[in-house]
Amino acid sequence: QECSKKQKNDDTQSTSVDALSSSDDFEEKNEFHTLANAKILLSDCLACDSCMTSEEGARVFQQNQKELFRILNLNKKCDTSKHKVLAVSICPQSLPYFATKFNLSVNDAAKRLCGFLKSLGVHYVFDTTIAADFSILESQREFVQRYQRRNQEEHALPMFASACPGWIRYAERVLTNLVTSHICTAKSPQQIMGSLVKGYFARQQNLSPDKIFHVIVAPCYDKKLEALREDFYTALYNSQEVDCVLTSGEIVQIMEQKNVSMKDVTEVAVDSLFDEIKEGDVVRHDGKRSDGYLEHIFKHAAKELFGMDVKEITYKALKNKDFQEVTLEKDGETVLRFAAAYGFRNIQNMVLKLKKGKFLYHFVEVLACPGGCLNGKGQAQTEDGKPDKALLHQMEEVYAAIPVRLPETNMHVQKMYQDWLEGMDSKKVQETLHTKYSTVNQPASNLDIKW
């Protein structure tokens, strides 16, 4: 059986799957009863039937707008013991979509999106940039440690980025031990945000984690799969770190259903995890189309390992614009070689080189979507499921114009390392900010998948 990712998108029909409705207990008619079930196009998404069991499929497709409205309606009922605190966290790669679609600045889009969500009944709206700060800092530290152990440990290098759930799912289900030991153990920004909301924020608010319903707004559907991982579940509280993922496009569907335009919504400042303060202007990390793992890790490694300050990074495009490399030279020798590999065709080439023992890179930022996270299929495609290249180009321009903030300069992060995580080298850091990636046994019918 061939993995469906090997086939060209043009050669296959998109498989459209109807989202399942929520439990029968909430089938009653309410103000949201006319909302259409989400249509999820799987041809460009890793969550195809070759990598996803039917049980997982059912759970993924329950993560739709109706699940959000189930909680909103629950909170309107008299039995307060069943009420939930509703928190929504927004990925920074989703904001350019709202800004472009409604012709707003990124800061206005963030505030109006916050205003809209709160008008529905959401209690808190957060920005996930702080979670990406933690993820990048932990990835930087792990790369330096792996580099220093490279002669003692066979699988220390190369190191692969761990932020993309499509790539992780493929690595665990298809590539197995060839790759999983090379994946950075730092959690993705989404799941670190889950730890922050259900851990740090819940404690600050004196709430049990299961009393918070945590929704992520993200660019792609694979984030729904990531939220279901068993390692992101707390048995003590019977609670996932992320309860539901909605794509940017699904949020727009809700707006259309309610006949609301972003330009008509009152601006509300985005909430902070810290006391009663509000977030300021939107910031991002280095990297034109992603959270910037390559650039941050490259600069950090150059400084820590070779004492070199790298201000600007020069990308060299190889076979295509989605496969680029960056090198660091010292005394005429190449001492660091990094790559960005976006899209499954480039991932295929990368894996083939790894199998043949001809892999030259120390670190690879791997993303399943061609064009990176901005091109997630939950926001960058037309109604008939085709890539919206004009929209993507506009989003890239909007994203590139957002000011960059280095993770090291976030004082809240530094304080949380000490106060919440008990120091940067503590056991709690490993438990809270890291996970393990390993081979996942496939159903018998899927054991012979070939790339």
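Computed from a predicted model, the values in this text were never measured in an experiment.

(A) Molecular detail of the nonpolar core. Of all hydrophobic cores here, the largest spans 51 residues; its most connected members are Phe 143, Phe 160, Trp 167 and Met 350. Elements that contribute at least two residues to this core include exactly α5 (129-148), β5 (159-160), α6 (165-175), α11 (293-306), β11 (323-330), β12 (333-342), α12 (344-355) and β13 (363-367). When residues no more than four places from it in sequence are discounted, the contact partners of Phe 160 are Trp 167, Val 179, His 182, Ile 183, Cys 184, Met 350, Leu 354, Phe 359, Phe 363, Val 364 and Val 366. Within the second largest apolar cluster, 44 residues are counted, among which are Cys 114, Val 252, Ile 254 and Val 282.

(B) Broad picture of the sheet that holds β13. Taken in spatial order, the five strands line up as β5-β13-β12-β11-β10 in an open sheet, and their pairing is mixed. The two strands at the open ends of the sheet, each matched to only one other strand, are β5 and β10 (316-320). One ladder, built from five bridges, connects β12 with β13; its direction is parallel. Paired with Ala 339 across the two strands is Val 364, which belongs to β13. Its contacts with the sheet put α11 on β5, β11, β12 and β13, and the angle it makes with β12 is roughly 165°.

(C) Focus on helix α8 (residues 189-204). Largest kink in α8: about 30°, centred on Leu 196. Backbone geometry just downstream of α8 places Asn 206 in the positive-phi region, at approximately 60°.

(D) Up close: the environment of Met 424. As for its placement among the helices and strands, Met 424 is situated in the loop between α14 (411-419) and α15 (427-433). Distance in space between the C-alpha atoms of Met 424 and Glu 138 is 9.1 Å, their sequence separation being 286 residues. Apart from the residues lying within four places of it in its own chain, the contact partners of Met 424 are Arg 141, Tyr 417, Gln 418 and Val 429.

(E) How the structure looks around the state of the cysteines. Evaluated as defined, the whole model comprises zero disulfides. Cys 91 takes part in no disulfide bond, and the closest cysteine sulfur, belonging to Cys 220, lies 8.3 Å away. Residue classification places Cys 91 among the buried positions, given a relative accessible area of 8%.

Conventions used here
- Residues numbered from 1 in each chain as written.
- Predicted model: local features only at pLDDT ≥ 70, side-chain atom pairs only at ≥ 80, totals over all residues.
- Heavy atoms only, no water.
- Core = buried A, V, L, I, M, F, W, Y, C linked by side-chain atoms within 4.5 Å.
- Buried < 20%, exposed > 50% of the residue type's maximum accessible area, 1.4 Å probe, protein only.
- Helix = DSSP H or I, 4+ residues; strand = E, 2+ residues; numbered from the N terminus.
- Contact = heavy atoms within 4.5 Å.
- Pairing = 2+ DSSP bridges.
- Axes fitted to C-alpha atoms, helices over the stretch in contact; angles between N-to-C directions.
- Bend = angle between axes of the 7 residues up to and from the residue.
- Disulfide = S-S within 2.5 Å.

The quantities given are spatial measurements derived from coordinates; they are silent on function.
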